[in-house]
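# A closer look at the structure
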Amino acid sequence: MTEFAAVPLHHDGADLIGGLAVPDGPGPHPGVLVVHTALGPTDMMRERAARLARLGYAALVVDMYGGGRSYPVAEEAGAPFVALLAKPERLRERMVAWHDTLAARPEVDADRTAAIGFCFGGRCTLELARSGAEVKAVVSYHGLLSTEQPAEPGAVRAHVAVYAGALDPFAPRADIDRLESELSTAGADYTLTVFQRAAHGFTDPDADAMGRDGISYNAEADALSWAATVALLETALAR
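Criteria and cut-off values
Residues numbered from 1 in each chain as written. Predicted model: local features only at pLDDT ≥ 70, side-chain atom pairs only at ≥ 80, totals over all residues. Heavy atoms only, no water. 1 Å grid on protein atoms, 1.4 Å probe; cavity = no way out; pocket = protein on both sides within 12 Å on 5 of 7 lines; lining within 4 Å. Points joined across faces, edges and corners; volume = space filled by probe spheres on them. Helix = DSSP H or I, 4+ residues; strand = E, 2+ residues; numbered from the N terminus. Pairing = 2+ DSSP bridges. Axes fitted to C-alpha atoms, helices over the stretch in contact; angles between N-to-C directions. Contact = heavy atoms within 4.5 Å. Buried < 20%, exposed > 50% of the residue type's maximum accessible area, 1.4 Å probe, protein only.

### So, the layout of surface pockets
There is about 740 Å³ of room inside the largest pocket. Together, 30 residues line the largest pocket, and Thr37, Ala38, Leu39, Ala74 and Met210 are the ones closest to its centre. With 5 residues, the single largest contributor to the lining of the largest pocket is helix α2 (residues 74-85).

### Comments concerning the sheet that holds strand β2 (residues 14-21)
Spatially, 8 strands are ordered β1-β2-β4-β3-β5-β6-β7-β8 in an open sheet, and the strand pairing comes out mixed. The two strands at the open ends of the sheet, each matched to only one other strand, are β1 (5-11) and β8 (189-195). Along the sheet, successive strands turn relative to each other by an average axial angle of 20°, direction set aside. As paired elements, strand β3 (residues 29-35) and strand β5 (residues 108-118) share 6 bridges and run parallel to each other. Of the residues in β5, the one forming a bridge with Val32 is Ala114. Helix-sheet contacts for helix α1 (residues 43-54) involve β2, β3, β4 (58-61) and β5, and the interaxial angle to β3 is about 165°. Along the sheet face, helix α4 (residues 120-130) touches β3, β5, β6 (137-141) and β7 (159-165) and points at about 140° away from the line of β5.

### A look at α4
Three or four residues apart is the spacing at which side chains of an α-helix point the same way, because the helix has 3.6 residues per turn. Burial analysis of α4 places 11 of its 11 residues in the buried class, which makes it a mostly covered element. Phi for Gly132, located one or two positions after α4, is positive at around 85°.

Here it is in structure tokens:
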């Protein structure tokens, strides 16, 4: 079983608790932020971080809400989720703070960092890229794509990889088109993939249990987006 070391971060009045999985062998290792869905840092996020640690990455599961708490019931997550979306500057600054925390870890090579995020976490990783942070790659899986602060020309330093579902009601085609226009105008290096038969939550094997329209697991989209992510990290974070 992969062990996670608690990583505290105090940001703007919130006491956050992340969890760091470190690979075997001497470091420093390339580092990857793993950013949770609206439900908080669940076991699914830790499972993805464990995968990354086995591949040689120091993977930090972040806490965007506080206390390291997850919310098994979506309605319970509503308040912290809405509160962060209502203050986009705070959301972006919190992501930058987590990136700074990862880069400062002795186990991590500060020059080789990336971030992956799911649903709400996809919005968070895109905001990290828009901030101009020194990050090599960011990945968004069925993420929220809109923003109040579009990327400025030349600001995005990361390769941006976006995996969206054509049946996702939370990231409609108009949002996908706006994001592509934004990234193109900003001169960003990006990959944008739309899975025609995938809905929101396509990476989550438990998505269908929610019983909500527009949210379902898609094994093909999950496998393909993960394989592409592994390839991107291998190239973007190479020595």
